[in-house]
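Structural description and commentary
Residues per chain are reported as follows:
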Amino acid sequence: MSPISRALLATVALATASMSAQLSAEVVEVYLLDRIDGILNHYCIDTNGPPQGMQLDTPLQTHTCYSFLGELTADQAMDTDDIAAGKIRILSVDLCAQLDGTEPGATITLTECADIEEQSFELRVNGQFVSAQHPELCLTAGPTSWLGGPVDAPNERQARTLHLQRCGDEALRYQRWGTRTEMTEQ
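These remarks concern the structure in this document. All of these numbers come straight from a predicted model, not from anything done at the bench. (Residues numbered from 1 in each chain as written. Predicted model: local features only at pLDDT ≥ 70, side-chain atom pairs only at ≥ 80, totals over all residues. Heavy atoms only, no water.)

Our focus in this paragraph is the nonpolar core. Among the nonpolar cores identified, the biggest contains 25 residues, and Ile45, Ile108, Phe129, Leu139 and Trp177 are the most heavily contacted of them. Broken down by secondary-structure element, the contributors of at least two residues to this core are β1 (27-32), β2 (43-46), β6 (95-99), β7 (108-112), β10 (137-141) and β12 (158-166). (Core = buried A, V, L, I, M, F, W, Y, C linked by side-chain atoms within 4.5 Å. Buried < 20%, exposed > 50% of the residue type's maximum accessible area, 1.4 Å probe, protein only. Helix = DSSP H or I, 4+ residues; strand = E, 2+ residues; numbered from the N terminus.)

On to the packing of aromatic side chains, then. Considering all chains together, one arrives at 1 aromatic pair under this definition. Residues Phe121 and Phe129 carry aromatic rings whose centres are separated by 6.4 Å and whose planes lie at 90° to one another, so their mutual orientation is edge-to-face. Assessed through its relative accessible area of 3%, Phe121 is described here as buried. Note that Arg173 overlies the ring of Tyr174, its terminal NZ or CZ placed 5.6 Å from the centroid. (Phe/Tyr/Trp six-rings, centres within 6.5 Å; stacked < 30°, edge-to-face > 60°. Lys NZ or Arg CZ within 6 Å of the ring centre and 35° of its normal.)

One ladder, built from 3 bridges, connects strand β3 (residues 61-64) with β12; its direction is antiparallel. The partner of His63 across the bridge, within β12, is Ala159. Where β10 and β12 come together, 5 bridges link them in antiparallel fashion. When the sheet's bridge partners are listed, Leu137 is paired in β12 with Arg166. By the bridge criterion, 2 bridges tie strand β11 (residues 146-147) to β12 in an arrangement that is antiparallel. Looking at the pairing, Trp146 lines up with Ala159 of β12. (Pairing = 2+ DSSP bridges.)

Shown next, in the form of structure tokens:
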């Protein structure tokens, strides 16, 4: 085989592998596996404010997943490739989650994506989402909820804080996460 043929074959193989990898990515929501008190759906990692008015300068929260409406929403949609690479990135605003501290109770905010430890997370097989910088700390939904819809249009949607806590059995129901492309019955 000539060098030109080998180079062409290598280019085609690389392009095919790249396209295959891109096609495997899915847009998902990251949801708490335990329904806790979710009335409409599980809790999802979410930006503060409605999808059309996200408050990007406030910490991330957990909120009733919007997939019950039939599709994922801009303030909850993420990419499986990002998650596999250790990033929690909200696709619609192209911002990544970053730790606001390294102690239990620290919040997580959105900022410009960068290759830094404060933005590196691992979704473990057991469902715990841990800080790569501090693997003993898990993303944890808060213990109490509040009505998460607009004040002028009451509804049953719930919200909770999202913060770091020590990983452990006593908080497991608030620390086990999964990904999905649509709402599942449970």
